[in-house]
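Given next are the chains, with one letter for each unit.
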Protein chains: 2
Amino acid sequence: MIAIGIHGGCGTLPVEMMGAAQWDEARAHLADSLRAGWAVLARGGSALDAVEAAVVVMEDSPYFNAGFSAAMNAAGEHELDASIMDGADLRFGGVCAARRIRNPVRAARALLENGPSVLLTGPAADDYAAVCGIELVENRHFTTERQVQALASLKARAAAGTIAMAGEAEKHGTVGAVALDAEGNLAAATSTGGFNNKPVGRVGDSPIAGAGTYARNGVCAVSGTGQGEVFIRRVAAYDVAARMMYAGQSLEQATDAVVHESLSSHAIGAGMVAIDARGCVHTPFNTIGMYRGWVDTEGNLAVASHEDIIRVGRLQA
Amino acid sequence: MIAIGIHGGCGTLPVEMMGAAQWDEARAHLADSLRAGWAVLARGGSALDAVEAAVVVMEDSPYFNAGFSAAMNAAGEHELDASIMDGADLRFGGVCAARRIRNPVRAARALLENGPSVLLTGPAADDYAAVCGIELVENRHFTTERQVQALASLKARAAAGTIAMAGEAEKHGTVGAVALDAEGNLAAATSTGGFNNKPVGRVGDSPIAGAGTYARNGVCAVSGTGQGEVFIRRVAAYDVAARMMYAGQSLEQATDAVVHESLSSHAIGAGMVAIDARGCVHTPFNTIGMYRGWVDTEGNLAVASHEDIIRVGRLQA
């Protein structure tokens, strides 16, 4: 039994933000991400390989705030956070404030596999990736016109004192994946550029085990999106697992409680993709939209950005 | 009802490591730390102020691996991690890989109070502290002969392939404090230099909510010490709270399970200081020694490094 779920960030995602062809392409990239992860699982590969493959596709897409087209910090540069966790043995790897790793999730994976650290920050993360043979790029590789405009818009609103009116889509967004493989292993991965105009050196929840990413066999795998500061304070991803392990809650009960009660009590935008040991995927969010998708245990692939779920087709297991 | 507990790092702490006068002085510094925190609580101050005050004393002491006399990374420099959490509203602040903040816990406190981030890394953490008027020093301020020798010893053993023989005391150590104030608020703080010869850019559990530090009113406050990589993977500090909230465990049951079962299953050195909503302090550890101490709700001050508990006296509430 195999299954995979992904998210591409939550927010208000105003429909007028893009043309119809762009919405179609963004959803097509979600489907590509799912197909990449599913292909790994379908050939007997690991959940860990599957979530890495799925996240890489979204990191390379211009529609999501991770890798290429990542958000820009207040200095107009990209600082990238990512992590990955293996539910089989609780191995974990994360990078924060990386500036030159084309696919930050690959560096996180290398840390998970090779250590000796589980979390590396700043230039040391870039240097580690280089030693591992992972592709480095110039920081400007990540820059797209969309993010340049979003940063300029946010800076203008900040200067005008109307920052509270900034759309959630301009402020944050993240990508993530969770998967169950044929051997019953769960894994989760998350990658993000943070949010436009974020303080230099700001670390969010995405590279932190238990905050933005968590996986434990027999329980769940979780990846979050939303205002990372609150995910950190709420230890949001591990809280899902703890509610299941210690309070006997189902995946749906636990993720709904964390997203719609704990996180929502702070009046922030928040969403999660989560999977349980039976391959059930749940994607709660409290914003108007969240890029998301899944391939269920029957092979049915679906993607969504707002309320409507688009059933793309059925993949072979 | 007020109470406070601290730790100054766990490890093998070989008795031959120092002379008797030095052991006495190290324990005296633990008592000074407790008195500083207690003084805040006794005059009706907050748990947050108390744990900050207690940690500052240990950061300034040459006997503990935080602030002055912090461990050195593989490049022979100091990169400091610290955090603080308010159990009343789950506010949190943390800095990682800071290089110039004399008392990193003060910068963490400023982040908790003023945001906008909860976690800042690298030079940005130093810059933030400067803007807040917190004292900066040159990186070499933190260097002591003890840590220079420890680093040289570890590098020699690493070169000789006998790194596994390095004492726990050379490898890591951290300081932390937990407190209950008269209004029932819990708080926790942690500060560390990591471990000697750590990779440049390595971030441990100390600056991470739920890993090395956690506080929640009505439940517990926790600060950890030990191999941070495993504390991160185990979400150790929040796991204590989750066991109490969701599984109905007592503080003693929860901390014993996390230290002696979860963390010990990875064959690492680990310890914690934790306090519950009634002011009971528990300090489990799986190593030969752990610097620790507490002032209980009756005002009784005790400190310890190994098995023997030294009852110092009684403080006025």
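Within every chain, residues take consecutive numbers counted from 1 along the sequence as written. For this description, chains carry letters from A and ligands carry numbers from 1, given in the order in which they are written. Reporting of local features is limited, given that this is a predicted model, to residues whose pLDDT is at least 70; pairs of side-chain atoms are given and counted only at 80 or more, and all residues count toward the totals for whole chains, interfaces and linings. Here the side-chain values reflect all heavy atoms present in the structure, with hydrogen atoms and water set aside.

Bringing the environment of B:Gly122 into the picture now. All names here are of chain B. Mapped onto the secondary structure, Gly122 falls in the loop between β4 (119–121) and α4 (123–131). For the pair Gly122 and Asp181, spaced 59 residues apart in sequence, the C-alpha to C-alpha distance is 33 Å. Contacts between residues were defined by any pair of non-hydrogen atoms, one from each residue, lying within 4.5 Å. Sequence-distant contacts of Gly122, that is, excluding residues within four places in its chain, are made with Cys96, Ala97 and Ala98. By definition, any uninterrupted DSSP run of H or I lasting at least four residues is a helix, any uninterrupted run of E lasting at least two residues is a strand, and each is numbered from the N terminus.

Let us look at the sheet that holds strand β6 (residues 186–192) of chain A. Residue and element names in this part refer to chain A. Think of it this way: DSSP has to see at least two bridges between two strands before they count as a pair. Ordered by their spatial adjacency, 9 strands build an open sheet running β4-β3-β2-β6-β5-β1-β11-β12-β13, and the pairing between neighbours is mixed. Across the chains shown, the open sheet's two edge strands, defined by having one partner strand only, are β4 (119–121) and β13 (309–314). Adjacent strand axes in the sheet meet at a mean angle of 10° when their direction is disregarded. As paired strands, strand β3 (residues 91–98) and β4 are joined by 3 bridges and run parallel to one another. Pairing of Val95 across the sheet is with Leu120, part of β4. In this description, a line fitted to the C-alpha atoms serves as the axis of each element, helices being fitted only across the stretch in contact, and the angle between N-to-C directions of two axes falls anywhere from 0 to 180 degrees. Relative to β3, helix α3 (residues 104–114) is tilted by about 140°, and along the sheet it contacts β2 (80–86), β3, β4 and β6.

Here we take up the relation of the copies chain A and chain B. Once turned by 180° and shifted 0.0 Å along the axis, chain A lies on chain B with an RMSD of 0.0 Å. One copy is carried onto the other by what is essentially a two-fold rotation axis. Considering only C-alpha atoms, the part of chain A nearest the rotation axis is A:Tyr246, at 2.6 Å. Looking at chain A, 100% of its interface residues are interface residues in chain B too, so the copies touch through the same face. To superpose the copies, least squares is applied to the C-alpha atoms of every residue with a pLDDT of at least 70 in both.

With that out of the way, let us pick up the packing of aromatic side chains. Aromatic pairing here means that ring centres of Phe, Tyr or Trp (its six-membered ring) are within 6.5 Å. Orientation follows from the plane angle: under 30 degrees is stacked, over 60 is edge-to-face, and everything else is tilted. According to the stated counting rule, one finds 7 aromatic pairs over all chains in the structure shown. On the basis of an interplanar angle of 40° and a centroid distance of 5.9 Å, the ring pair of A:Trp23 and A:Tyr291 is categorised as tilted. Placement of A:Trp23 in helix α1 (residues 20–42) and of A:Tyr291 in strand β11 (residues 289–295) is noted, with a sequence separation of 268 residues between them. Accessibility classification places A:Trp23 together with A:Tyr291 in one group, the buried group. Seen from their ring centres, A:Phe64 and A:Tyr291 are 5.1 Å apart, and the 90° between their planes marks the pair as edge-to-face. Note that A:Phe64 is positioned in the loop between α2 (47–60) and β2 and A:Tyr291 in strand β11, a separation of 227 residues in sequence. Here the term buried applies to any residue with accessible area under 20% of the maximum for its type, exposed to any over 50%, and partly exposed to those in between, with areas from a 1.4 Å probe on protein chains only. A residue is classified by how much of its surface remains accessible, and A:Phe64, at 0% relative accessible area, is buried. Cluster of aromatic residues (ring-pair linked, three or more members): A:Tyr214, A:Tyr238, B:Tyr214 and B:Tyr238.

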